[in-house]
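Overview (structure and organization)
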Amino acid sequence: MSAPGLLAVGNASATSDRDPLEPWPDTVRWQPISTDLIWVELIRLAIVVAIGLAVTAVGWALSGHWLFGLALATVLVLGGWRATAIVRAVRAWGYAERDDDLLVRHGLLVRRLSIVPYSRMQFVDVSAGPLERAFDLATVQLHTAAAASDARVPGLRPAEASRLRDRLTALGEDRAEGL
């Protein structure tokens, strides 16, 4: 049996022929995020891997102990694995605007579907760090009364992020709750 509201968005025949644990409703039009977010995440990863490689390489050069060589190889392997995961993870993000709520999906191994009712939103943030700005991207962060239910939509173009922020704000005010 599915969680209330999670799969009850479509008709019975639409959900009966697919995996009952599949959280993505078939009845909504999903909007993808920009694939430029892949580059932002890969650059962040490259910085972390470079620091890890530098630290282990210096340790290996100074001590000559074989464990530093193993750590160096581990950093490279984990960095390569994470780079592959980043590409797939960014493509898993999506959002859908419905009449009464916003759906945000993401995740590969653990799939997550957040349903945020417009009437429950308290405020909406649009942010962009230095790397995001370099790639002309922004993130929309939705805040609700329950901290665990906050959702975000990364990898949006600034114009789309502003449009979504304004629409969510207007819908929240129309419901006379939240914003």
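Residues numbered from 1 in each chain as written. Predicted model: local features only at pLDDT ≥ 70, side-chain atom pairs only at ≥ 80, totals over all residues. Heavy atoms only, no water.

The next subject is the sheet that holds strand S5 (residues 121-127). The antiparallel open sheet is built from three strands, whose spatial order is S5-S6-S7. Taken across any chain shown, the strands that pair with only one partner, and hence form the sheet edges, are S5 and strand S7 (151-156). Along the sheet, successive strands turn relative to each other by an average axial angle of 15°, direction set aside. When S5 meets strand S6 (residues 138-144), the two strands line up antiparallel, connected through six bridges. In the strand pairing of S6, Val 124 is matched with Leu 142. Across the sheet, helix H5 (residues 158-174) lies against S5, S6 and S7, angled at about 170° from S5, the strand it touches most. (Pairing = 2+ DSSP bridges. Helix = DSSP H or I, 4+ residues; strand = E, 2+ residues; numbered from the N terminus. Axes fitted to C-alpha atoms, helices over the stretch in contact; angles between N-to-C directions. Contact = heavy atoms within 4.5 Å.)

The sheet built from four strands is open, its strands ordered S1-S2-S3-S4 with antiparallel pairing. Strands at the two margins of the open sheet, each flanked by one partner only, are strand S1 (31-32) and strand S4 (112-117).

With that settled, consider a nonpolar patch on the surface. Together, Trp 39, Ile 43, Ile 47, Ile 51 and Val 55 give the surface a local cluster of nonpolar side chains, amounting to about 490 Å² of exposed area. Along the chain, the position of Ile 51 falls in helix H2 (residues 36-63). (Patch = residues over 30% accessible without salt bridge, like charges linked within 9 Å, V, L, I, M, F, W, Y side chains within 5 Å. Areas by Shrake-Rupley, 256 points an atom, 1.4 Å probe, with all protein chains shown as cover. Salt bridge = Lys/Arg side-chain N within 4 Å of Asp/Glu carboxyl O.)

Counted under the stated rule, the structure contains zero aromatic pairs. Arg 105 extends its terminal NZ or CZ atom over the ring of Trp 30, reaching a point 4.6 Å from the ring centre. (Phe/Tyr/Trp six-rings, centres within 6.5 Å; stacked < 30°, edge-to-face > 60°. Lys NZ or Arg CZ within 6 Å of the ring centre and 35° of its normal.)

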